[in-house]
Structures are given as C-alpha cells and as structure tokens.
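Each chain, letter by letter, is given below.
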Amino acid sequence: MLVLKVSNIVKSRSKFIYLFMRGFRNFLRDFRSNIVTFITIITLIVLFNIFNLTSVVLSSFLSSTTSVDSIRVYMLDADKGDISKLSTDLISFDGVVDVQIFFPSDSKKFIEENTSNIKGLDKFSEQFFPTFIDVKLDAEGIKNIKVLKEEMYKLSNVEYVSYGEKILSKFFQINFITNVFIVVLLILVCISLASVIFNATRISLYKYSEEMKVYLLVGGTRPFISMPYIFSSMIMSLVTSVLAIAIFVMLSSFLNSLLVDIDIFMKTPPIWTYIFQIFILNIFSLISSSISVVLFIKRVSSVNDV
Amino acid sequence: MINFTDVNLSFTAGMNALNGVNLDISRGEFVYVIGKSGAGKSSFLRLIYADVMPTRGLVKVDGCDIRSLGRLQIPYFRRKIGIIFQDYKLIESITVFDNIKLATDIYYKLRSEVKDEIYILLRDVGIFEKRDELVCNLSGGEKQRVAIVRALINNPQVIIADEPTGNLDHETAENIMQILNKLRLEGTTILIATHDDNIRQRYPAREIRLDKGKVISDAGVESE
Ligand SMILES: Nc1ncnc2c1ncn2[C@@H]1O[C@H](COP(=O)(O)OP(=O)(O)OP(=O)(O)O)[C@@H](O)[C@H]1O
Ligand SMILES: [Mg+2]
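Residues numbered from 1 in each chain as written. Chains lettered and ligands numbered in written order. Predicted model: local features only at pLDDT ≥ 70, side-chain atom pairs only at ≥ 80, totals over all residues. Heavy atoms only, no water.

1. Considering the overall build of chain A
Secondary structure summary: chain A contains 10 helices and four strands in total. Tracing chain A from N to C terminus, the helices and strands come up as α-α-β-α-β-α-β-α-α-β-α-α-α-α. Scored against the burial criterion, the 306 residues of chain A give a buried share of 40%. Within chain A, counting contacts between residues at least 6 apart in sequence, those at least 24 apart form 81% of the total. Element-wise, carbon and sulfur atoms account for 68% of the exposed surface of chain A, whose accessible area totals about 17,900 Å². (Helix = DSSP H or I, 4+ residues; strand = E, 2+ residues; numbered from the N terminus. Buried < 20%, exposed > 50% of the residue type's maximum accessible area, 1.4 Å probe, protein only. Contact = heavy atoms within 4.5 Å. Areas by Shrake-Rupley, 256 points an atom, 1.4 Å probe, with all protein chains shown as cover.)

Rendered as structure tokens:
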C-alpha cells in the first residue's frame, strides 16, 4: 500500500518534471518570437522602479527635513523673570529633555544662519524678532506632541506654540500622493504585464494548435496539453522580471557610485520590495497565462476543427 | 466491440447526418464504410472516436457508452483507437520521427524509451530511411505511412481510417492497403471509409453502405 503511494508520488513528480521540461523547451523554442514581449516587460518594470526609486528618495528627503524633535513656545511680552519661570515650567513636563531660550538677537542670528536669501534681513532691528523657547523632546514627548502643545498653551505669557504642523501636514500629503501614485502605477504595470503575457501565450498557442490537435487525436489529456504553455510563460515572466530588477539595481548602484563623489547618496528601496514585485508580477502572469490557455483549449473541443 | 443502437446525429437542427443507424461490429472485423459524398461516413467514424456525441441513440465502443465519457475520460478512451485521415494531420515542419513521438509523449515517455519501437514500425512500413526527414519533404504515400505508424505506436484495439487512400495513386494506395491488411491478419479491428472501388475489390470485406445518413446495405465477405 505504502509502496504504491510512494510510487505514485514518484510518478506524478516525474510527470511534473516532464511537463516542466516541455515548458522549458517551449520557452526556448519561442524565445526569438517573444523578444518584443521580453523588451516590453523589462521596460515596464525598469520604468516602474525608476518611479518607485524617485518616490523613495523623495520620501526619505521629506522625512529627514520634517523630523520633529522640538516644540517652539513664543512669548507675549517677556521680561527676564517671566522667561526663566516659563522655562522651568516647561522642563518639568514629561517628555521634555531640554529647553533653550532664544532672545530676539538669537532669533535674528538663527534666521540669518538658517536661511540664505532673505534680502535686507540685516536692516531689521532686533526688536522685530520674537523671544521663544525651543523645547527639546524625547521619544515619548514626540508621541504626545499634540497633548503637550495644548498644555503649553495653558501656561501664562505664552503667545503661540508650534512644531511646524502646517508644513508637516503638507509633506504628509505629498508623501501620501506619491504612494498612491506608485500603487496605481504598480497596478497598471501588472495589468499591462498580464495582457502582454496573455497575448504572448495566445500567439504561441495558435502557433502550435496543430500540435495540440495531434495530441487530442492520440489521447493527450488537457493538463498534459496545457501545462507546458503555462510553464513556459511562467519561465518567461520569471526570467524577465528578475532580469529587469537586476538591470535596475545595477543601474541605480552605478548612479549612486557617481553621486558618492558629490556627497549625495540615494536611499534605495529595501530588497523585499523587489522580491515582492517579482512575486506579484509572476502571480499576475500565471493567472493571465492560465486564463489564456484555458480559454483556448475550451475552443479546441474537436479533433476535426481547431 | 462497436454497437450502434438507433443512432441519430444532427449538426444543425432538422438536418440529420446520421439517421437511425443500427450496427454491430465485432472484435477483429475489417469493415468498409462506403457511400456518396455527404452520406455520413466521416460522421459515423467521428462518433466512434467520441469526437461528436449522438443526438439520439446509443453508441458503445468496447462496452463503453460514449455519452457517459466526461471531458477528462475522452483522452483515455481515445488511446484505444488509432485514427488515420485523408489529409494525414501530421506536422509538416518537424521530422518523421518527431511526428510519431508526439503520440508517445502523452505517456510521458522519453525519446530513448520509444526509439526502438518507433524504428521497428518505421521499418515495417518501409520508411525507416526517411526517419529524420521533415514531413513536408515527403510524398503523399510516405506521409500516409507516417500517419499509420503514429496511429499504431500505442497499440490501439481499433483502427479508424477516413479515406486513407483518397489522395494517393493506385500503386501507393495498394501499398497502404497491404499494411492495413497485415494489421487485419494480426486481429486489429479496422474501419475504413472509402470511395475507392479498386481497393475494395482487391481486399474484399464487409461493406456498410450509407446514404443520406441511413444504412442502406450491410453485406460482404464475412471473412472469419
Ligand atoms: N461540422 C459539421 N457541421 C455541420 N454539418 C456537418 C458537419 N460535418 C458534417 N456535416 C454534414 O453532415 C453530412 C454528412 O457529412 P460527412 O462528412 O459525414 O459525409 P461523408 O460521407 O464523410 O462525405 P465525404 O465523402 O465527402 O467525406 C453532410 O451533409 C455534411 O454537410
Ligand atoms: Mg468524409
């Protein structure tokens, strides 16, 4: 009984290998006529990754420029006593690590140092610049930043509290839009890839419909007839997607090696995104080639008319 | 072996390609199916290899009602039958050997496993020398012999030939008939649809005559 089972498994495995090898043979046999499909798929995937890279670079740029680690508390009219009282109040909050007081002269200097092209800044007298306290937060403080902000408003002599949330929310919007854009692009790429594979499979089926007819005539089963075509398109999509990703990774690391000289380094997407891409693309092509084969075989119902 | 009980077959409503056919063909019999063009000969043969299903009535092959065959079983059913056509249904762009190998592929067999068997049959029908020739370079008679080898390679119980000599001159037709006759002597059930009176006279056997889908005569030499 067990021996029978084992021999069945061996048999079905060798059948699988047999069909896979036929698929591989079909793949090689059709390689030349599928060159256009190849190039199309590679172009699609490389293009997609260029957009994806752009979005990753953009979002890493945004997150580094928008990283929040402090709250600014601007004061109404400040004398020395008020300022030191406020700063001791502020440092007693949970999540606050440090406070730094900026008097109008510091504010002016700060702006001068951190901006490059505000014309005539030096003509303004110091009294136009505010007094503010820069409150440095730890991780917990950043987490509760909204609550902290509300509480800081309640303190006396406070005119305005801000951590740049307006700019932040803009940045988040940009980030969100690029992510949506990338997802839409991925879906489009998958759909085009699926239809390209669908057509390539169909063309190959038409090309070998005579062979199919003969197999039907001599008693070939449907899986026997169809599996090689599905395998063949799977091999095709696997080879092209891996090749496309490889081309892209080489391209981007080459670009990075050029950029290193001028002290810029593109942050490349993590490796799993590539694996995920290959996975998704191949699932799509598997589905579309299967549909293509099943639809075709369904029509080939009679030996006498294909 | 083959039983038809009150079989009707119509492709388009109201038009019967076969009309009330009742027949029994036993194992090892050699049968000609004759009749005018459009009489229903091909349709009759197509029923036997389950390429079409009867509109009415019962078709049994080797005890098996062909209507009871599902999509999945038809391939296995068809392996019992070797089929030969007037237009050969070979693949012109590949070699003689590869054409025949297609028929063994369905058993997941490798080239090395079937080579000897194929060679023996190719020698039997006299086209061993052409084994690596592309089919498109062969003559009609040679092509038909390739088709016969392909039909025989899986040891079928029944051979069905739809005008196997239709495209061939007398001499070549004679040669094909010799091969089929040899199979007859070996005990294979053989059905041949033909227009060719010449070969029927040279190799007399039971003759089923069809006209407008009806059996109008069923007679001839009851050989065994
Ligand atoms: N696929 C089909 N669709 C519709 N009608 C068909 C089909 N096949 C055959 N017929 C019709 O069925 C009838 C019998 O055809 P069949 O091919 O069996 O004749 P036949 O005796 O083999 O003729 P021939 O000697 O010309 O080969 C004909 O009237 C034909 O038009
Ligand atoms: Mg006919």
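From this point on, the discussion continues.
2. Some details on the packing of aromatic side chains
Tallied over the full model, the rule gives 21 aromatic pairs over all chains. Judged by centre distance (4.7 Å) and plane angle (35°), the ring pair of F4 of chain B and F44 of chain B falls under tilted. Of this pair, F4 of chain B sits in strand 1 (residues 2-12) while F44 of chain B is found in helix 1 (residues 41-48), placing the two residues 40 residues apart along the sequence. Judged on exposure class, the residue F4 of chain B and its partner F44 of chain B are both buried. Of the aromatic side chains, those joined through ring pairs into one cluster are Y18, Y215 and F224 of chain A together with Y108 of chain B. Just above the ring of F85 of chain B sits the side chain of K89 of chain B; from NZ or CZ to the centre is 4.7 Å. In this structure, R131 of chain B packs its charged tip against the face of Y119 of chain B, placed 5.4 Å from the ring centre. (Phe/Tyr/Trp six-rings, centres within 6.5 Å; stacked < 30°, edge-to-face > 60°. Lys NZ or Arg CZ within 6 Å of the ring centre and 35° of its normal.)

3. Overview of the packing of helix 3 (residues 96-105) of chain B against helix 5 (residues 140-152) of chain B
Residues and elements named next belong to chain B. As a packed pair, helix 3 and helix 5 sit with axes 8 Å apart at the nearest point and diverge in direction by 30°. Classified by the angle between their axes, helix 3 and helix 5 sit roughly parallel to one another. Of the two possible hands of crossing, helix 3 and helix 5 adopt the one that is right-handed. Across the interface between the two elements, V96, N99, I100 and A103 from helix 3 touch V146, V149 and R150 from helix 5. (Axes fitted to C-alpha atoms, helices over the stretch in contact; angles between N-to-C directions. Parallel < 35°, antiparallel > 145°, perpendicular 65-115°, else oblique. Left-handed = near helix turned anticlockwise from the far one by under 90°.)

4. So, the pattern of salt bridges
Enumeration over the complete set of coordinates arrives at 22 salt bridges over all chains. We note a salt bridge from D211 of chain B to K36 of chain B, for which the minimum N-O separation is 3.9 Å. Residue D211 of chain B is located in strand 9 (residues 206-211), and its partner K36 of chain B is located in the loop between strand 3 (30-35) and helix 1; the two are separated by 175 residues in the primary sequence. Using a relative accessible area of 59% as the deciding quantity, one classes K36 of chain B as exposed. A single salt-bridge network, built from bridges that share partners, covers R22 of chain A together with K101 and D105 of chain B. (Salt bridge = Lys/Arg side-chain N within 4 Å of Asp/Glu carboxyl O.)

5. As for the pairing of strand 2 (residues 15-25) of chain B
All names here are of chain B. Bridge count for strand 1 against strand 2 is seven bridges, and the pairing is antiparallel. Across the sheet, S10 pairs through a bridge with N16, a residue of strand 2. Linkage of strand 1 to strand 2, two consecutive antiparallel strands, is achieved through a turn of two residues, within which G14 is found at a positive phi near 85°. (Pairing = 2+ DSSP bridges.)

6. A few points about the interface of chain B and chain A
Residue-level contacts link 22 residues of chain B with 22 residues of chain A. Buried area between chain B and chain A, summed over both chains or domains, comes out near 2,100 Å², and the portion from carbon and sulfur atoms is 60%. For the chain B face of the interface with chain A, the top three residues by lost area are R71, K89 and Y108 of chain B, together amounting to 31%. Inspection of the chain B/chain A interface yields one salt bridge. Note that D105 of chain B and R22 of chain A form a salt bridge whose closest N and O atoms lie 3.2 Å from each other. Connecting chain B to chain A are six residue pairs in polar contact (both at pLDDT 80 or more). Within the residue set of the side of chain B that touches chain A, elements represented by two or more residues are helix 2 (74-78), strand 6 (81-85) and helix 3 of chain B. For the side of chain B that touches chain A, the element with the most residues is helix 3 of chain B, which contributes four residues. Of the residues contributing to the side of chain B that touches chain A, the split by class is 12 nonpolar, no polar and 10 charged. (Buried area = accessible area lost by both parts, 1.4 Å probe. Polar contact = N/O pair within 3.5 Å; in protein donor to acceptor, adjacent residues only side chain to side chain. Nonpolar A, V, L, I, M, F, W, Y, C, P; charged D, E, K, R; others polar.)

7. Remarks on the environment of V303 of chain A
Following the sequence through the fold, V303 of chain A ends up in the segment after helix 10 (271-299). Along the sequence, V303 of chain A and V218 of chain A sit 85 residues apart, while their C-alpha atoms lie 9.6 Å from each other. In contact with V303 of chain A, other than residues within four places in its own chain, are K213, L216 and L217 of chain A together with Y49, D51, R78, F85 and K89 of chain B.

8. Quick word on the packing of helix 5 of chain B against helix 6 (residues 170-185) of chain B
Packed helices, taken two at a time, are described by the angle between their axes plus the distance between the axes. All names here are of chain B. Relative to each other, helix 5 and helix 6 sit at 15°, their axes nearing to 10 Å. Put simply, helix 5 runs roughly parallel to helix 6. The handedness of the crossing between helix 5 and helix 6 comes out as right-handed. Listed contacts from helix 6 to G141, Q144, R145, I148 and L152 of helix 5 are T172, N175, I176, I179 and L183. Its residues assigned to classes, the contact of helix 5 with helix 6 comprises five nonpolar, four polar and one charged.

9. Remarks on the domain arrangement of chain A
Per the domain assignment, the segments of chain A are domain 1 (17-64 + 170-305) and domain 2 (69-163). One C-alpha centre belongs to domain 1 of chain A, the other to domain 2 of chain A; they are set 54 Å apart. (Domains from an automatic or database assignment.)

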